[in-house]
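Descriptive analysis of the structure
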Amino acid sequence: MAETAAKKKSEKKSAKKTPQTLVIVESPAKAHTIEKYLGVGYTVKASMGHLIDLPKSRIAIDTENNFEPEYITVRGKAKLLKELQKDAKKSSLVLLASDNDREGEAIAWHLNRALKEKTEAPIRRIVFNEITPIAIKEAVQHPGEIIESKVNAQKARRILDRLVGYNLSPLLWAKVKNGLSAGRVQSVALRLICEREVEVENFLPEEYWSLAADFSKGKTTFTAQLVSYKGEKPDLKSESQVNEIIEQIKNAECKVGAIKFTDKVVRPKPPFTTSKLQQAAANRLGFTSRKTMQIAQQLYEGVNIGENRVGLITYMRTDSVRISQTALAEIREWIGKNHPEDLPPEAIEYSVGKGAQDAHEGIRPTYVSYTPDSVKEFLTRDQLRLYTIIWERLVSSQMNNAKTRTTSAEIIAGDAVFRVSASKIVEKGFYKVIHLLSSKEETSGNLPALKEGEKIASGKFYPEQHFTQGPARYTDASIVKTLEERGIGRPSTYAPIISVLLDRYYVTRSNKQLVPTQLGKMISKILVESFPDVINESFTAQVENDLDKVEQDNLVWTDMIGGFYAPFKKHVEEVSETTKSVKGFLDEETDKICDKCGKPMIKKLGRFGFFLACSGFPECHNTKSVPLAKCPMPNCSGEIVARKTKGRGKEFYGCTNYPECTFISHFKPIDQYCPKCGWFLVEKYDKKNGAYKSCINPDCDYLHSAEDAEKDAAPLAAEEKI
């Protein structure tokens, strides 16, 4: 025991003499992983993001002195900064290991300035694309310097956004409502969402019908769709037209017409970029963009796999699809062992998109050997699902093409021609590693062996009502796709853009669609009308191009800001003088009387939309929902308002005369009325038809189904439900 104690004392004494290297990363999770890799002689601490930034309380940009920013220690971070300074003073070397992007470079730049005042130790910059022992040790062995042009690009973006936001927000306070805010990129995204909403609201669907029929050969029955009648493509507007065709062909002899075989080559997709990962996670897993990035961050920073802590994926903010040669070799080795028949002769290269930053690789697993099956017991359900699509996308990108074969057959029944198709994968290729294939991708349809001209039996007919679909509202996936295609924002900003709009209640989610609120519409209208040259996608895309030039040292950042700010500031002053305030118009007098004090109620705009408030405020705090429509029930003078059930707080829409009037709707009324019966219309959504408008009247067939009718006007069973 004495020997053991002496040994420990000796090791402790030796450790004290070991020169300490301080490594500063951004998050505790990352620090924990990296410290395990580096071991004795290294201390790894987290800065928790930015420690030094612009203050929130004022603009803090000296517009008369080359736009010099006034940086301060972020509130609540002073203690942490002092601790890092103390650690740096005791260290022989300081390595700044913030993320390898503009924000990370700026964090390192600020830390360097704050630490060098307190330590004589050299301060260097290290970067890495993945958190693995090899990558970390390689970075530590080859430290570099902070890239000033990269810092300038971040500084330019930060200052530009500050100048825009801190000039537009006060304008909104003065003209609309206190507490509002505007941002350069978010306002453009809001504009896109609002413009799409106008298209959705103005669209009125038209009814049309389709006709399918069962046919059989032997014991196999299949369903085909009507594609031609009397030599023309059918244009069926009503059920009666469909029934007329059925009547004409129901006893007709049926035979097989033309049969066509089509082979199609399906190529694998490149590794994920940030936007493509967010789109795939939204479409396949139902994740929001924010959730996708949160889980990806966890996988990147490290999870415990048994006794080891491993960063499972590379850096998740990237617009490149490039893969390192080392990773390619590992992928090809894995495919060669597990699917040798689908290993191409050479690695497949994918072109990097125009304007993409190539500092990072595409998003990939750090170790291909960590298959989803091998790590599933160590991951949460959502971590595993996201890791699975990343792993499969990367490995499949280096495998052979797949091939599908489609068989299409025409069935002739009198003057009608029906068509049926069946597809199947004949060469799986890269599909062998994709386990999330939909049934449509794996196989579609089931056809017996058919010969041209042979007779077959007919069966049941299936007439079906449809409605034309208007433009779809944006979802997380589609708005990210649009922002990327139009050069708005960067990989690091897609998720925050959506989050900010939701947090400010300028936009809400409904059936995974992004819907602008009344507040969002109003703000967007004012900003777009007043600043069309700023709140537009071409300006925003040009800013991104200019920031790239600053980072490449091809544009001086002060010149970039200077060219924008002078005319912008002048225009802000002009708008402030010429634009009328709508504050008075937002507080609209009504004929409603407060049921608590008897004073008139006023329609006001709040953070969550319009509401009725007593004009006797602050003495009276009574508020009510704004009526959305006249109650359609006969002899009822009530109005339809939003209400909530007592138990779960689920929103529905009921009459103000309840319980005398028991009308309710589970769908929100819109400001349109049925052209057939005059009742109000509601918006509905289903996977088959998307969003469409329908009459609330259970006895009206205007874009309506019997199932909807029963739900639309169901009376409450008991008063307790409210």
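Up top you'll find the structure we're talking about.
Let me sum up the structure you'll find in this document. (Residues numbered from 1 in each chain as written. Predicted model: local features only at pLDDT ≥ 70, side-chain atom pairs only at ≥ 80, totals over all residues. Heavy atoms only, no water.)

1. Notes on the pairing of strand E21 (residues 600-606)
The line we're drawing: Any two strands are treated as partners once DSSP identifies two or more bridges connecting them. Per the convention used, a helix needs a DSSP run of H or I reaching at least four residues, while a strand needs a run of E reaching at least two, with both numbered from the N terminus.
Where strand E20 (residues 588-593) lies against E21, 3 bridges are found, and the strand directions are antiparallel. Of the residues in E21, the one forming a bridge with glutamate 588 is lysine 603. What sits between E20 and E21 in their antiparallel hairpin is a turn of 6 residues, with glycine 598 showing a positive phi close to 85°.

2. A few points about the packing of helix H7 (residues 184-202) against helix H16 (residues 494-503)
Heads up, the rule is: Where helices are involved, their axes are fitted lines through C-alpha atoms of the stretch in contact, as for all axes, and angles between N-to-C directions lie from 0 to 180°. Angles below 35 degrees are treated as roughly parallel, those above 145 as roughly antiparallel, those between 65 and 115 as roughly perpendicular, and all remaining angles as oblique. Contact definition: two residues touch when any of their heavy atoms are within 4.5 Å.
The interhelical angle for the contact between H7 and H16, taken along N-to-C directions, is 75°, at an axis separation of 10 Å. Taken together, the axes of H7 and H16 are roughly perpendicular relative to one another. Here Val185, Gln186, Ala189, Leu190 and Ile193 of H7 lie close against H16, whose contacting residues are Ile497, Val500 and Leu501.

3. Structural notes on the side chain of serine 397
Assignment of secondary structure puts serine 397 in the loop between helix H13 (381-396) and strand E14 (402-413). Excluding anything up to four places from it in sequence, serine 397 contacts Pro268, Lys269, Pro270, Pro271, Ile348 and Tyr350.

4. Details of the environment of isoleucine 24
Cut-off, in case you're wondering: Here the term buried applies to any residue with accessible area under 20% of the maximum for its type, exposed to any over 50%, and partly exposed to those in between, with areas from a 1.4 Å probe on protein chains only.
Structurally, the position occupied by isoleucine 24 is in strand E1 (residues 21-25). A relative accessible area of 1% means that isoleucine 24 is categorised as buried. On a C-alpha basis, the gap between isoleucine 24 and serine 369 in space is 30 Å, while along the polypeptide they are 345 residues apart. Excluding residues within four positions of it along the chain, isoleucine 24 makes contact with Lys45, Ser47, Leu84, Val94, Leu95, Leu96, Ala97, Ser98, Leu111 and Leu115.

5. So, the packing of helix H15 (residues 476-485) against H16
For clarity, the threshold we go by: Helix crossings fall into two classes, left-handed where the near helix is turned counterclockwise from the far one by less than a right angle and right-handed where it is turned clockwise.
Interaxial distance between H15 and H16 falls to 10 Å at its minimum, and their mutual angle equals 125°. In terms of axis orientation, H15 runs oblique to H16. Between H15 and H16 the crossing geometry is right-handed. Residues Asp476, Ile479, Val480, Leu483 and Glu484 of H15 lie in contact with H16, whose contacting residues are Tyr494, Ile497 and Ile498.

6. Some remarks on the sheet that holds strand E24 (residues 629-630)
By way of backbone hydrogen bonds, the strands of a sheet pair with one another, either parallel or antiparallel. Across the sheet, 4 strands lie side by side as E24-E25-E26-E27; this open sheet has antiparallel pairing. Since the sheet does not close on itself, it has two edges, and those belong to E24 and strand E27 (664-665), each with one partner.

7. Structural notes on the nonpolar core
Rule in force here: The set of buried Ala, Val, Leu, Ile, Met, Phe, Trp, Tyr and Cys residues whose side-chain atoms join them within 4.5 Å is what this entry labels a nonpolar core.
Counting residues in each nonpolar core, the largest one holds 59 residues, and the members touching the most others are Phe128, Leu312, Ile313, Leu386 and Val395. Listed by contribution, the elements that provide at least two residues to this core are E1, helix H2 (28-38), helix H5 (133-141), helix H9 (274-285), helix H10 (289-301), strand E12 (303-305), helix H11 (325-338) and H13. For this core, the leading source of residues is H13, giving 7 residues. Not counting chain neighbours up to four residues away, the residues in contact with valine 395 comprise Ile331, Trp334, Ile335, Val368 and Val433. Leu171, Ala182, Leu519 and Ile561 belong to the second-largest nonpolar core, a separate cluster that totals 56 residues.

8. Quick look at helix H18 (residues 537-551)
In plain terms, the rule: To estimate how far a helix should extend, the number of its residues minus one is multiplied by 1.5 Å.
Spanning 15 residues, H18 covers 21 Å between terminal C-alpha atoms, matching the ideal 21 Å at 1.5 Å per step. What H18 keeps buried is the set Phe539, Thr540, Ala541, Val543, Glu544, Asp546, Leu547, Asp548, Val550 and Glu551.

9. Points about helix H3 (residues 78-89)
Because each turn of an α-helix spans 3.6 residues, side chains separated by three or four positions in sequence point in the same direction. The line we're drawing: This arc describes the spread of directions from the helix axis toward the C-beta atoms.
Over its 12 residues, H3 runs 17 Å from end to end, which matches the ideal 16 Å to within 8%, given 1.5 Å per residue. Regarding H3, the residues found buried are Leu80, Leu81, Leu84, Gln85, Asp87 and Ala88. End-on view of H3: buried residues confined to an arc of 160°, all on one side of the axis. Every exposed residue of H3 that faces more than 90 degrees away from the buried side is listed here: Lys79, Lys82, Lys86 and Lys89. If you follow the buried residues of H3, they end up packed against E1, strand E2 (42-46), strand E6 (72-73), strand E7 (93-96) and helix H4 (102-115).

10. Quick word on the sheet that holds strand E8 (residues 123-125)
Taking strand neighbours across the sheet as the criterion, the 4 strands line up as E2-E1-E7-E8 in an open arrangement whose pairing is parallel. Bordering the open sheet on either side are E2 and E8, each of which pairs with just one other strand. Strand-to-strand twist across the sheet, computed as the mean angle between neighbouring axes with direction ignored, equals 25°. By the bridge criterion, 3 bridges tie E7 to E8 in an arrangement that is parallel. Residue pairing for E8: leucine 95 is matched across the bridge by arginine 124.

11. Things to note about unusual backbone geometry
Cis geometry marks the peptide bond from phenylalanine 617 to proline 618, where omega comes out at 15°. In this fold, proline 618 is placed in the loop between strand E22 (609-614) and strand E23 (623-624). Along the chain, tyrosine 658 connects to proline 659 via a cis peptide bond; the corresponding omega equals 10°. Its location among the elements puts proline 659 in the loop between strand E26 (651-655) and E27. Of note in this structure, tyrosine 505 is not a glycine but carries a positive phi near 60°. Along the chain, tyrosine 505 falls in the loop between H16 and strand E18 (507-510).

12. Examining the environment of alanine 78
Topologically, alanine 78 is positioned in helix H3. Alanine 78 sits in the partly exposed class, given a relative accessible area of 41%. Along the sequence, alanine 78 and isoleucine 52 sit 26 residues apart, while their C-alpha atoms lie 9.3 Å from each other.

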